[in-house]
Amino acid sequence: MLVPIFTLKLNHKINPRMVAVGKYDGIHPCLTAATQAGKVFIHNPHTRTQRPAAHRLSQSTQDSDISLLNINQAVSCLTAGILGPNTTGDTLLVGSQTNLLAYDVHDNTDIFYKEVTDGANAIVLGKLGEIQSPLAIIGGNCALQGFDFEGNDLFWTVTGDNVRSLVLCDFTADGKNELLVGSEDFDIRVFKEDELVTEMAENETVTSLCHMHSSRFGYALANGTVGVYDRTARYWRIKSKNHAMSIHAFDLNADGVVELITGWSNGKIDARSDRTGEVIFKDNFSSSVAGIVEGDYRMDGQVQLICTSVEGEVRGYLPASREMKGNLMDASVEQDLIRELSQRKQNLMLELRNYEENAKALSGVSEGDSKIGVIPANTQLQTALSVRRGTENQRAHIELSISTPNETIIRAVLIFAEGIFEGESHVVHPSAQNLSGCIRVPIIPPKDIPVDLHIKAFVGGKTSTQFHVFEITRQLPRFSMYDLNVDSSATEPTGKVTFSINDRPQRVVMWLNQNFLLPEGSDSPDVSFAALRGGGLLRINMQSSGEITLRTDDVDLAGDLVDEFHSVHQKLTAAMADHSNYIRNMLVQAEDARLMGDWRNMKKRYIELYDLNRDLINEYKIRSNNHNALLTRLKAVNQAIQRAGRLRVGKPKTHVIAACRDAIKNNNINALFKIMRAGSTSS
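Residues numbered from 1 in each chain as written. Predicted model: local features only at pLDDT ≥ 70, side-chain atom pairs only at ≥ 80, totals over all residues. Heavy atoms only, no water.

1. What about the overall build of the protein chain?
A count of helical and extended segments in the protein chain gives seven helices and 41 strands. By its C-alpha atoms, the protein chain is 90 × 75 × 70 Å across when sized along the principal axes. Within the protein chain, counting contacts between residues at least 6 apart in sequence, those at least 24 apart form 51% of the total. Accessible surface for the protein chain amounts to roughly 35000 Å². Of this, 50% is attributable to carbon and sulfur atoms. (Helix = DSSP H or I, 4+ residues; strand = E, 2+ residues; numbered from the N terminus. Contact = heavy atoms within 4.5 Å. Areas by Shrake-Rupley, 256 points an atom, 1.4 Å probe, with all protein chains shown as cover.)

This is the structure:
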């Protein structure tokens, strides 16, 4: 069993997710954490001489090994690492809701102290993309900013919602780091500098991210879920009733591959395999875990995993020795194998007992009554999805119908779905008087995302006491909460978006059938929908020239549809792959024609290749120009809000910035101008 090699009890409480280790003199690692009353403590047991006080740094009266850094405001994030080219050691970076401090602990001086109007909810330090110098990147209210060692703003972009977690990772395997951003709108976004590469939708706020190796990273959600992604593919995830306070990647079992270490709100620490999520080690604190870091804290050349609790307890763990490799738990390998075989034996015995009971029951009844535990061979589970308008008694919803084609009944249904049901699962268990071969389940998706419904149903005869379990998976389309039956008296939408695509109408019809719930036989790209979630109409029309018009007053819906059509986010890579395949095929055909002396076809293929290359370059230029223009305008809006805030001080300044953000989110431009002029919409 793996046990701590050192334990410390510091006389300072530690704020969750605000723990780091820094070598501020370039040699000695120091545990650093945010504590109460706007202070940061630095634990340095290596140099026990009295350290002089500075304008920010002072000696703790409770512990001679601890120095206190006075920030004078609530700390929201911190980290440590190499920022400048000529610094002695690591730089300590401390963020609050208004400022970012870069501090040289060794020389007791501020490197820079910057005002950040969007706040600093999360921070990461390192190199990003082509930018040469390391950046201190902070995430705040819908914005990302990166500062170099002189405090210059070298990186700025916006994201969908308040940022809660950041990590740098070579996501695209091009040798350069991308920035992964977890936010309150449940998305993990990947930025290559200021370009959005892709995004992964989760079902809760993304509270923590950590890089594991290559393009693999771990994540934690506010609902107690932790898991591992490799690029956009999720390897595994587990969900706990407790909250994941901190995650970290560390090779604890010395097998050459890092594990995902998780610290939980109930004080538990566990290490899980990056490939399967299997627990290989666990331990417990008496209070909630605050943070997990690593460092050579004993200065013996071996890096330890350092775990801290909110009460100030610190434990250090060494990676397993060769003798303990793969055996970090209390039980031995033989005991694990015996337990696994015992479980299999128990399951087989239970199955055998069921068969024996069925045989006894069948032997004592006539052929016509032999329904106990037996169902017809053609029994199968059938599912159907349909849109249902709201009534006085029930909200608008998607109706999932689960049925069997014969006289069997469905005793119970279990449905597992991310982000749909509370606890991600739903059970329907009809009373004995209401048993039938069909069960209808109302489903209300909270937003427009595709969801896999994993369905398990217990099916048997009307008098059965034992049931067969049927499993089936059905996907709920992304835009399922839109009804094709439109009220003729509905108000026509005034907003519209027009763009052109190069696809045939049949491809658009195929896309509509994949993303909306349409009746069979729908073959027209011109459709109208009623939005069941927010009200209003959506009309989609396509001209023979390929011009598509979207009419809706919901700007978010229009943006989602444009993203789908133009493959700006997730489908961009697939579209480029399609182009690459098309180019490859044309090159092969052209070379085949050349080798066969078919000059006419060779010329034709190269002309097509030239035209495709020109179209790709033009599309890229348009996308690049639009992206740069949008960034310029977004930054101008942010700067205008900042200037309006600087005309006030104290609470009015905070109120103006927050009110401006709300006005932008609500697309209320008139309110935005009024707030910037008068300070509020009511003035």
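2. What to know about the UniProt feature "domain: BBS2 GAE" (unreviewed entry) in the protein chain
UniProt records the feature "domain: BBS2 GAE" (unreviewed entry) for residues 394-479 in the present numbering. Split by type, residues 394-479 is 0% helix and 51% strand. Its first and last C-alpha atoms lie 20 Å apart. (UniProt positions renumbered as here; feature names shortened; annotations may be inferred.)

3. Regarding the nonpolar core
Counting 28 residues, the largest nonpolar core has L400, V413, I415 and L453 as the members making the most contacts within it. Looking at this core, the elements with two or more residues in it are β30 (382-388), β31 (397-403), β32 (409-416), β34 (438-443), β35 (451-460) and β36 (468-476). Counting residues per element, this core draws most heavily on β35, at five residues. Apart from the residues within four sequence positions on either side, L400 is in contact with T383, A384, L385, I415, I439, R440, V441, I443, L453 and I455. Judged by nonpolar contacts, the second largest core, of 20 residues, contains F479, Y482, I540 and L550. (Core = buried A, V, L, I, M, F, W, Y, C linked by side-chain atoms within 4.5 Å. Buried < 20%, exposed > 50% of the residue type's maximum accessible area, 1.4 Å probe, protein only.)

4. Brief notes about the sheet that holds strand β10 (residues 109-115)
Pairing between the strands of a sheet is mediated by backbone hydrogen bonds and can be parallel or antiparallel. Reading across from one edge, β7-β8-β9-β10 is the order of the four strands in this open sheet, with antiparallel pairing throughout. Either end of the sheet is taken by a strand with one partner, and the two such strands are β7 (77-81) and β10. When strand polarity is set aside, the average angle formed by the axes of neighbouring strands in this sheet is 15°. Direction of pairing for β7 relative to strand β8 (residues 91-95): antiparallel, over a ladder of five bridges. Each residue of the ladder has a partner; that of T79, found in β8, is L93. (Pairing = 2+ DSSP bridges. Axes fitted to C-alpha atoms, helices over the stretch in contact; angles between N-to-C directions.)

5. Digging into helix α6 (residues 651-665)
End to end, α6 covers 21 Å across 15 residues, agreeing with the expected 21 Å (1.5 Å per residue, within 8%). When we look at burial in α6, the residues that qualify are V656, I657, A659, C660, R661 and A663. (Expected span 1.5 Å × (residues − 1).)

6. Structural notes on the packing of helix α5 (residues 599-646) against α6
Packing of α5 against α6 brings their axes to within 8 Å, and their N-to-C directions diverge by 150°. Between α5 and α6, the angle is such that the two are roughly antiparallel. Helix-helix and strand crossings are classified by hand; for α5 and α6 the assignment is right-handed. From α5, V637, N638, I641, A644 and G645 reach across to α6, where they touch K653, V656, I657, C660, R661 and I664. Classifying every residue of the contact of α5 with α6 by side-chain character gives seven nonpolar, two polar and two charged. (Parallel < 35°, antiparallel > 145°, perpendicular 65-115°, else oblique. Left-handed = near helix turned anticlockwise from the far one by under 90°. Nonpolar A, V, L, I, M, F, W, Y, C, P; charged D, E, K, R; others polar.)

7. Section: the sheet that holds strand β19 (residues 206-213)
Spatial ordering of the open sheet is given by β19-β20-β21-β22, a layout of four strands whose pairing is antiparallel. Looking along the sheet, the strands with just one partner apiece sit at the ends: β19 and β22 (233-239). Neighbouring strand axes in the sheet, compared pairwise and without regard to direction, differ in orientation by 20° on average. Two strands pair when backbone bridges link them, and strand β21 (residues 225-230) and β22 are joined in this way by six bridges, in the antiparallel orientation. Its bridge partner being in β22, V226 is matched across the sheet by I238.

8. Some remarks on the packing of α6 against helix α7 (residues 669-678)
Running from N to C, α6 and α7 cross one another at 170°; their axes reach a closest spacing of 8 Å. The angle between α6 and α7 falls in the class roughly antiparallel. For the pair α6 and α7, the contacting residues are V656, A659, C660, A663 and I664 in the first and A671, L672, I675 and M676 in the second. Per-class residue counts for the contact of α6 with α7 are nine nonpolar, no polar and no charged.

9. Observations regarding the pattern of salt bridges
As enumerated under the stated definition, the model contains 31 salt bridges in all. Two residues, R189 and E199, come together in a salt bridge whose shortest N-O distance is 3.2 Å. Here the residue R189 occupies a position in strand β17 (residues 187-192), and E199 occupies one in strand β18 (residues 195-201), the gap between them amounting to ten residues. This pair shows no difference in class: R189 is buried, exactly as E199 is. Overlapping salt bridges, with partners in common, bring together E202, R234, R237, K239, E418 and E424 in one network. (Salt bridge = Lys/Arg side-chain N within 4 Å of Asp/Glu carboxyl O.)

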